[in-house]
Amino acid sequence: MTADIPLGDRLDDDDYPAYTMGRAAEMLGTTPGFLRAIGEARLITPLRSEGGHRRYSRYQLRIAARARELVDRGTPIEAACRIVILEDQLEEAQRINAEYRRAANTTTGPGPH
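Parameters at a glance
- Residues numbered from 1 in each chain as written.
- Predicted model: local features only at pLDDT ≥ 70, side-chain atom pairs only at ≥ 80, totals over all residues.
- Heavy atoms only, no water.
- Helix = DSSP H or I, 4+ residues; strand = E, 2+ residues; numbered from the N terminus.
- Buried < 20%, exposed > 50% of the residue type's maximum accessible area, 1.4 Å probe, protein only.
- Arc of directions from axis to C-beta.
- Contact = heavy atoms within 4.5 Å.
- Axes fitted to C-alpha atoms, helices over the stretch in contact; angles between N-to-C directions.
- Parallel < 35°, antiparallel > 145°, perpendicular 65-115°, else oblique.
- Nonpolar A, V, L, I, M, F, W, Y, C, P; charged D, E, K, R; others polar.
- Polar contact = N/O pair within 3.5 Å; in protein donor to acceptor, adjacent residues only side chain to side chain.
- Core = buried A, V, L, I, M, F, W, Y, C linked by side-chain atoms within 4.5 Å.

**A short note on the overall build of the chain**
Consideration 1: On a plain count of helices and strands, the chain comes out with 5 helices and 3 strands.
Consideration 2: When the elements of the chain are put in sequence order from the N terminus, they spell out α-β-α-α-β-β-α-α.
Consideration 3: Here the chain, with 113 residues, has 22% of them falling under the buried criterion.

**What about helix H3 (residues 32-40)?**
Consideration 1: Those residues of H3 that sit buried are Phe34, Leu35 and Ile38. Along the axis of H3, the buried residues cluster in a sector spanning 100°; they form a single face.
Consideration 2: Among the structural elements, helix H2 (21-28), strand E3 (54-56), helix H4 (58-72) and helix H5 (77-108) are those in contact with the buried residues of H3.
Consideration 3: Once H3 finishes, arginine 42 follows within two positions and takes phi at roughly 65°, a positive value.

**What about the packing of H2 against H3?**
Helix-helix packing: each pair is described by the crossing angle between the helix axes and the interaxial distance.
Consideration 1: One can describe the packing of H2 onto H3 by two numbers: an axis separation of 8 Å at closest approach and a directional angle of 100°. Judged on the interaxial angle alone, H3 and H2 are roughly perpendicular. Touching Met21, Ala24, Ala25 and Leu28 of H2 are Pro32, Leu35 and Arg36, all from H3.
Consideration 2: Considered class by class, the residues forming the contact of H2 with H3 number 6 nonpolar, no polar and 1 charged.

**Here we look at the environment of serine 57**
Consideration 1: Along the polypeptide, serine 57 turns up in the loop between E3 and H4.
Consideration 2: On the basis of relative accessible area, serine 57 is assigned to the buried category, the value being 2%.
Consideration 3: Each C-alpha atom, one on serine 57 and one on aspartate 15, is 5.1 Å from the other, the two residues being 42 residues apart in sequence.
Consideration 4: At a separation of 3.3 Å, a polar atom in the side chain of serine 57 contacts the main-chain carbonyl oxygen of aspartate 14.

**Notes on the nonpolar core**
A general trend in soluble globular proteins is that nonpolar side chains are found buried together.
Consideration 1: Leu35, Ile38, Leu43, Ile44 and Tyr56 are the most contacted members of the largest nonpolar core, which totals 19 residues.
Consideration 2: Breaking this core down by element, the ones donating at least two residues are H2, H3, H4 and H5.
Consideration 3: Looking at this core element by element, the count peaks at 5 residues for H4.
Consideration 4: Apart from residues no more than four positions distant in its own chain, isoleucine 44 is found in contact with Ile38, Gly39, Tyr56, Gln60, Ile63 and Ala64.

**What about the packing of H3 against H4?**
Consideration 1: Between H3 and H4, the shortest axis-to-axis distance is 11 Å and the interhelical angle comes to 105°. For the element pair H3 / H4, the angle class is roughly perpendicular. Along its contact with H3, which presents Phe34, Leu35 and Ile38, the element H4 presents Ala64, Ala67, Arg68 and Val71.
Consideration 2: When grouped by side-chain class, the residues that make up the contact of H3 with H4 number 6 nonpolar, no polar and 1 charged.

This is the structure in structure tokens:
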């Protein structure tokens, strides 16, 4: 499947599972156990290689780094994962609201504020 996608496109794809668990843990300065724990908390779900090994994308590593920052400040891992999930949900809701406001302003024109 990935052989059909040009290498340059895969390298530019934030969602491409390019990193092994060991490499991901090294990049984050953490342990494979931390990555397993945030997977169990359903913060991220790594893809699996044909051999069953966990593979992580750049996007997933950014999410994991956010959780690690909270854990490093003393937040329990389950709470850190929940906070990151809620932050993402809030960001998405704000993005959707902004789109609705733009669409409403386009169809009705600017009104009194």
